[in-house]
Amino acid sequence: MKTDAQLKKDVIEELRWEPSVTATDINVAAHDGVVTLSGTVPHYAEKLAAERATQRVEGVKAIAEEMEVHPTGDFQRKDSDIAEAVVNSLRWHVWVPSHVQATVENGWVTLTGCVTWGFQRNSANDCVRYLPGVKGVSNHITLKPSAQPTAIKDLIVKALKRDAEIDAENIRVSANGGKVTLAGTVRSWDERDEARSAAWSAPGVTEVENDLVVSV
């Protein structure tokens with residue numbers, strides 16, 4: 001087990017190593033595997049990059065994200081400009097249905113509408129969070145699957161066992177209607193995300209609660 005001081009040092013070094021993280025005032029604290037990130041970054045994409053860099057560090061069990069997005073220089077945009085960019089981005093994404101809507105207030109984007117698959121919901125989120133001026137995204141898009149949830153648990157368990165990046169033996173799957181819960185342990189944050197993606201791929205899934213713990 002790493003000490004708090006060593007874990008903090010490793011996270012700071014990883015943030016410096018990541019070329020997409022340019023902010024110099026990101027503060028790092030570590031306690032019992034929980035890393036807290038605070039300070040400011042110039043855009044939302046860099047905030048996400050800092051989180052991903054932190055997840056790569058061995059020994060990180062959880063992240064308390066307290067960073068604020070303060071757009072400066074070329075990253076500053078009026079809400080009207082952000083809204084126009086969001087509409088265009090949603091319109092040009094092949095996986096985002098045309099009826100997905102967005103509102104922008106003080107740089108914060110809120111997505112609404114109804115789609116049939118989780119990947120459509122995630123695609124809408126992905127195509128707006130890297131736009132200049134965006135401070136954050138609230139994804140309120142709901143899911144109404146065209147298929148009824150049938151044997152969801154068995155389908156997901158089989159998918160997890162097929163995936164070379166997942167150790168399915170340590171993952172427990174439960175399903176209640178269209179809600180799926182993942183529990184157990186994984187070896188990395190990437191494996192945790194991979195398991196979540198696999199669960200979302202099952203027909204009829206409307207919600208995935210990812211309770212998987214990264215073991216260190």
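Read on for a plain summary of the structure. (Residues numbered from 1 in each chain as written. Predicted model: local features only at pLDDT ≥ 70, side-chain atom pairs only at ≥ 80, totals over all residues. Heavy atoms only, no water.)

Positive phi, normally seen in glycine, also occurs at Asp32, with a value near 55°. Mapped onto the fold, Asp32 is located in the loop between β1 (26–31) and β2 (34–41). The phi torsion at Asn106 lies on the positive side, around 55°, for a residue other than glycine. Within the fold, Asn106 resides in the loop between β4 (101–105) and β5 (108–112). (Helix = DSSP H or I, 4+ residues; strand = E, 2+ residues; numbered from the N terminus.)

Let us now look at the sheet that holds strand β7 (residues 136–139). Spatially, the three strands line up as an open sheet ordered β4-β5-β7, and their pairing is mixed. Two strands in the sheet have a free side with no partner beyond their single neighbour: β4 and β7. Averaged over neighbouring strand pairs, the angle between their axes works out to 20° when direction is ignored. In this sheet, β7 lies alongside β5 in parallel orientation, the contact comprising four bridges. (Pairing = 2+ DSSP bridges. Axes fitted to C-alpha atoms, helices over the stretch in contact; angles between N-to-C directions.)

The terminal C-alpha atoms of helix α1 (residues 4–17) lie 20 Å apart, and with 14 residues this matches the ideal 20 Å at 1.5 Å per residue to within 8%. Those residues of α1 not exposed but buried are Leu7, Asp10, Val11, Glu14 and Leu15. Seen end-on, α1 carries its buried residues on one side only, within an arc spanning 135°. Along α1, exposed side chains directed more than 90 degrees from the buried face belong to Ala5 and Arg16. Among the structural elements, β1, β2 and α2 (44–55) are those in contact with the buried residues of α1. (Expected span 1.5 Å × (residues − 1). Buried < 20%, exposed > 50% of the residue type's maximum accessible area, 1.4 Å probe, protein only. Arc of directions from axis to C-beta. Contact = heavy atoms within 4.5 Å.)

A grouping of Val94, Trp95, Trp117 and Phe119 is seen on the molecular surface, where their side chains present a nonpolar patch of about 450 Å² in accessible area. Examined against the element boundaries, Val94 turns out to sit in the loop between α3 (79–92) and β4. (Patch = residues over 30% accessible without salt bridge, like charges linked within 9 Å, V, L, I, M, F, W, Y side chains within 5 Å. Areas by Shrake-Rupley, 256 points an atom, 1.4 Å probe, with all protein chains shown as cover. Salt bridge = Lys/Arg side-chain N within 4 Å of Asp/Glu carboxyl O.)

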